[in-house]
Amino acid sequence: MNEIAKILNNMDPEDAATQTAAALKQLLPLLGEEGRNRFIMNLLGETGQDKIASMVHL
């Protein structure tokens, strides 16, 4: 298990979600559009291109 997962597993779920959102607000602007799309695909799993195409661009 990676270090981030270890930290999140030791946190209250609400706090973990809040902290993750704050970190992503800093990280996502640093990624290009392809990197953001790849992150979303990994987050959602193999959902198919049609669902990703309907999402609002970050």
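In case you missed it, the structure is sitting above this.
A brief structural summary. Here the structure is a predicted model, which means the values were calculated and not measured. (Residues numbered from 1 in each chain as written. Predicted model: local features only at pLDDT ≥ 70, side-chain atom pairs only at ≥ 80, totals over all residues. Heavy atoms only, no water.)

Let us look at the layout of surface pockets. For the largest pocket, the calculated volume is near 180 Å³. For the largest pocket, the full set of lining residues is Ile4, Ile7, Leu8, Met11, Gln19, Thr20, Ala23 and Leu24. No other element matches helix α2 (residues 13-27), which puts four residues into the lining of the largest pocket. The residue makeup of the lining of the largest pocket, split by class, is six nonpolar, two polar and no charged. (1 Å grid on protein atoms, 1.4 Å probe; cavity = no way out; pocket = protein on both sides within 12 Å on 5 of 7 lines; lining within 4 Å. Points joined across faces, edges and corners; volume = space filled by probe spheres on them. Helix = DSSP H or I, 4+ residues; strand = E, 2+ residues; numbered from the N terminus. Nonpolar A, V, L, I, M, F, W, Y, C, P; charged D, E, K, R; others polar.)

This part covers the pattern of salt bridges. Per the stated rule, a full pass over the model turns up two salt bridges. Note that Lys6 is salt-bridged to Glu3, the shortest N-O span being 3.5 Å. Taken together, the residues span about one helical turn, with Lys6 and Glu3 both in helix α1 (residues 3-9) at a distance of three residues. Using a relative accessible area of 39% as the deciding quantity, one classes Lys6 as partly exposed. (Salt bridge = Lys/Arg side-chain N within 4 Å of Asp/Glu carboxyl O. Buried < 20%, exposed > 50% of the residue type's maximum accessible area, 1.4 Å probe, protein only.)

This part takes up α2. For α2, spanning 15 residues, the distance from its first C-alpha to its last is 21 Å, which sits close to the expected 21 Å at 1.5 Å a residue. N-capping of α2 is provided by Asp12, with a side-chain oxygen placed 3.1 Å from the backbone N of Glu14. (Expected span 1.5 Å × (residues − 1). Polar contact = N/O pair within 3.5 Å; in protein donor to acceptor, adjacent residues only side chain to side chain.)

Taking 1.5 Å of rise per residue, twelve residues should cover 16 Å, and helix α3 (residues 33-44) covers 16 Å from first to last C-alpha, within 8% of that figure. Regarding α3, the residues found buried are Gly35, Arg36, Ile40 and Met41. Trailing α3 by a residue or two, Gly45 shows a phi angle of about 85 degrees, which is positive.

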